[in-house]
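# Reading the structure
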Amino acid sequence: MERAVVQITLFGLLLALATTQLNKGNWDIYSFHINSTVTSRYATTVITSRVANRMNESKEIEFQVRIPKNAFISKFRMFIDGQVYDGVVKGKEKAQQQYTEAVSRGQSAGLVSSVGRTLEEFKTSVTVAAHKKVTFELTYEELLKRRLGKYVLQIHARPMQPVKDFKVDVYINEKAGINFMKVKGGLSTNVLATAITRTQVDKQAWVYFYPTEEQQKTCDSCGEEGMNGDLVVVYDVNRNPSLGDIKKSRGYFVHHFAPSSLVSIPKNVVFVIDQSGSMHGRKMKQTRIALLHILNDLAEEDHFGLITFDSSIVHWKRELVQANEQNLESAKKFASNIHERGSTDINKAVLEGVHMLNAHPREDSASILILLTDGDPTSGVTNLEQIQSNVRMAIAEKFPLYCLGFGFDVNFDFLEKMSLQNNGVARRIYEDSDADLQLKGFYEEVATPLLTDVTMTYNGATNLTQTNFSQYYNGSEIVVAGQITDNSIETFTPQVIAISRNRRMMFSDTNAIVESNGTESDSHIQRVWAYLTVKQLLEKELVLSGSEKENAKKQALELSLKYSFVTPLTSMVVTKPQGENTDVLHKPKEGETPEEFRPNAAGGQAFSGRRSHGGFPAQMPNHLVVNSAPEMLPTIVAYSATHVPRSHRFLLKTENLSLPLCFDVTGDVRLKLLRHPNRGLSVNGDLDSVQNGGFRRIVIHLKADLLVDIDTREITVREGQTLAIHTGQDIITAGSLTVIRRDKEIDVAAGDTRMVILIHEKDGNEFLWPILRQKPLDNNVSGILAMKPAVYEEVQQNPSTRLKIKDLEIDVARASAVDYSIVSSPTHDCWLMSAESALQRRLDDFII
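Residues numbered from 1 in each chain as written. Predicted model: local features only at pLDDT ≥ 70, side-chain atom pairs only at ≥ 80, totals over all residues. Heavy atoms only, no water.

Glancing now at the state of the cysteines. Within the structure shown, the criterion is met by 1 disulfide. The disulfide bridge from cysteine 662 ends at cysteine 830, spanning 2.2 Å between sulfur atoms. Residues cysteine 662 and cysteine 830 are joined by a disulfide whose S-S torsion is about 75°; by sign, that bridge is right-handed. With cysteine 662 in strand β39 (residues 661–666) and cysteine 830 in strand β54 (residues 827–832), the pair connects residues that are 168 residues apart, well separated along the chain. With respect to class, cysteine 662 is no different from cysteine 830; both count as buried. (Disulfide = S-S within 2.5 Å. Helix = DSSP H or I, 4+ residues; strand = E, 2+ residues; numbered from the N terminus. Buried < 20%, exposed > 50% of the residue type's maximum accessible area, 1.4 Å probe, protein only.)

For an α-helix the count is 3.6 residues per turn, leaving residues at separations of three or four pointing the same way. With 12 residues, helix α6 (residues 384–395) should cover 16 Å at 1.5 Å per step; its first-to-last C-alpha distance of 17 Å lies within 8% of that length. For α6, every residue scored as buried is listed here: Leu384, Ile387, Gln388, Asn390, Val391 and Ile395. End-on view of α6: buried residues confined to an arc of 160°, all on one side of the axis. Opposite its buried face, α6 presents the exposed residues Glu385 and Met393, each directed more than 90 degrees away. Buried residues along α6 sit against α5 (346–359), β24 (401–406) and α7 (412–421). Of the residues that open α6, the one with a side-chain oxygen 3.2 Å from the backbone nitrogen of glutamate 385 is asparagine 383. Remark: alanine 396 follows α6 within two positions and exhibits a positive phi of approximately 50°. (Expected span 1.5 Å × (residues − 1). Arc of directions from axis to C-beta. Contact = heavy atoms within 4.5 Å. Polar contact = N/O pair within 3.5 Å; in protein donor to acceptor, adjacent residues only side chain to side chain.)

Looking now at the packing of aromatic side chains. Taken as a whole and assessed by the stated rule, the structure comprises 30 aromatic pairs. For the pair phenylalanine 257 and phenylalanine 507, a centre-to-centre distance of 5.1 Å together with 75° between the ring planes defines the contact as edge-to-face. Within this pair, whereas phenylalanine 257 is found in strand β18 (residues 252–257), its partner phenylalanine 507 is found in strand β31 (residues 503–507), the two being separated by 250 residues in sequence. The class of phenylalanine 257 is buried, set by a relative accessible area of 0%. Taking 6.2 Å as the distance between ring centres and 10° as the angle between the ring planes, the aromatic pair formed by tyrosine 458 and phenylalanine 492 counts as stacked. Of the two residues, tyrosine 458 is situated in strand β26 (residues 449–459) and phenylalanine 492 in the loop between β29 (478–484) and β30 (493–500); the sequence distance between them amounts to 34 residues. (Phe/Tyr/Trp six-rings, centres within 6.5 Å; stacked < 30°, edge-to-face > 60°.)

The next thing to look at is the environment of threonine 491. Structurally, the position occupied by threonine 491 is in the loop between β29 and β30. For threonine 491, a relative accessible area of 45% corresponds to the partly exposed category. In the structure, threonine 491 is positioned 30 residues away from alanine 461 in sequence and 8.8 Å away in space, judged by C-alpha atoms. Setting aside residues up to four positions removed in sequence, threonine 491 forms contacts with Asn459 and Gly460. Only 3.2 Å separates the side chain of threonine 491 from the side chain of serine 488, close enough to count as a polar contact.

Put into structure tokens, the structure is as follows:
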């Protein structure tokens, strides 16, 4: 099957997405349906794709769709020649065993991977005989979360070609009544707007999206490959001013609680802002802009504080002050002058924020602590568990901590655990043009507390999901589910107790009717309970330790298997016709693309994936993890005595001059590519055996205990006593280092340093070529990649050309060199000279 790869470059770490472009002569998607049913905020979506092989020979047919990150896949099946092939959800260990048996026969894997901020990509394939058809059917489920007064159902459509029979059907059924409904997203604008039909009648709503083939080609996000965009349905329901909306069905109930007719509670909020060196540039600018917007939104009855930190702490004021006009103007001036510098002492900064809130308590108010950082702790207390313990003891469950992780350098697992330990949440802020709006949007979610110390009680119920909440915010919603004891509705008594300003409130309604759904929805309420329970058990598993942690993990696994949810603890084994690959699909964590497996040369398996902080795998079995030993690292291959040394030509760019300089390095040597002493970063490269080729291996050292070894096939990460081998297109995070592998490109980020490693091919041999995309701010960096552009003067042309560099005159010859720093590898004319003359130093200074 012919394939073309398209790459879309995004800001920051230059994340790329590879999409398969269809050759319509090969196979044809003749029907593509998306059917989403939302009942009581619980959405079940079925994607059905029907594909025909129009060729006279068997073809591999690929199924590739995107689903919301918050969803669980619950069913996948294929229909081929009257046979049904069902995917089976298994525990990861059992799935891995089945995969190992398959991989020993030379088979490969499918995957589910993170795409952007809100989506994951599901991909698998199957071989279809000539002139035969296949139907793919994927089902996923999610509980829609209310934010800022609305629920959002996101449907992504990317069939990869215009489809004759393309339909999206959305049905919403809310017994509480639908307050409003809107359709948004890129697929709802301009020419595609006419393809949408909306109907709303009291408790029900329908959205139909039926674009023609021509419309699928001519919209803003369309082309010859069809549509690629989102259809977003936004809605809210009517509110019961008292107890809320409770539904029960055959022994299970779900309670949606979101009172709105309440007076807001004044808040005490402290913002703890990272101003370390890694926040330089656009991140710092966007943080300043967001802070100015947030300060404008503070109510006069609020009290607030501002702390910035690097290795030390800077207070705007040492105590909380009222958000009056004078204080706000002063705070805005302070925010406008925040500039990046220094290292990162998260422990000291967060504890100071806690101290400010504890030292200035106010009755009838709600306290909130918000941390924004983009990196790992690098000064003061740097042990992550110690920081979490310190913060937890200091807060002592008095108020929530919200952690905002800016970009992908940050250790998100660390922030997430610290937030969950303190009744808050962590949110990733993506490095993009709208980062300031992301920051402001998060603040708006917690800007208006309406209740504190919320306790939900249910007499006559058991196996409840979370029932205690530190705060309830305007525009959000509290959802609790559980089982009704003996299915006795007569003894089932729900009640909510909370604090609103200066008074204790009780929400109950003795005359309330708990709606009982018919048999058609019997499993629906039960699945809501299972979904919520699994989500919360996974959060507990992150926070707990010892036997409690294992028990939470065991319960989450059992429920995931019972309800066929693909979660971080389970995998879906995709069965196919005999002789075909067995795919094992895993759910990635936030900011992570999951494992891809491949057989190694010895017939075993190499696993790829992301490592979590501390040397333990983020998920099992993401990758091979072994007790580290020096002999486990890839070894340098020594060439025989008959090996002829190869020459590699390097280009040294110039400033405003017509020709660059070039020089040759001969032999199998290891070069010093980059040294950054203050960060403890060094990058070395081993030249390959291809004439005028590049590097066969690049080795990155970060401080004393982290080594990343990169070749064209795999990335090996050694951290402390743990070794991990990655072979897929994953996001790899180790300490403050992030590595992202794509098809022919590897991105490496470490604080203020960004490097891209391109993979080139010459004469059938692949090799690496590194480029420094972002040079560290520190002037104390060295290495070939850190060389400044050359400056020379042409002092003689005849009979030979002579250049003057600094005070030295050098004879040069006009030659050519390939520029491997560019994907297309153009050839440039250059002035050829010795390496010492070009580098203005001995070549031995750059050789290890």
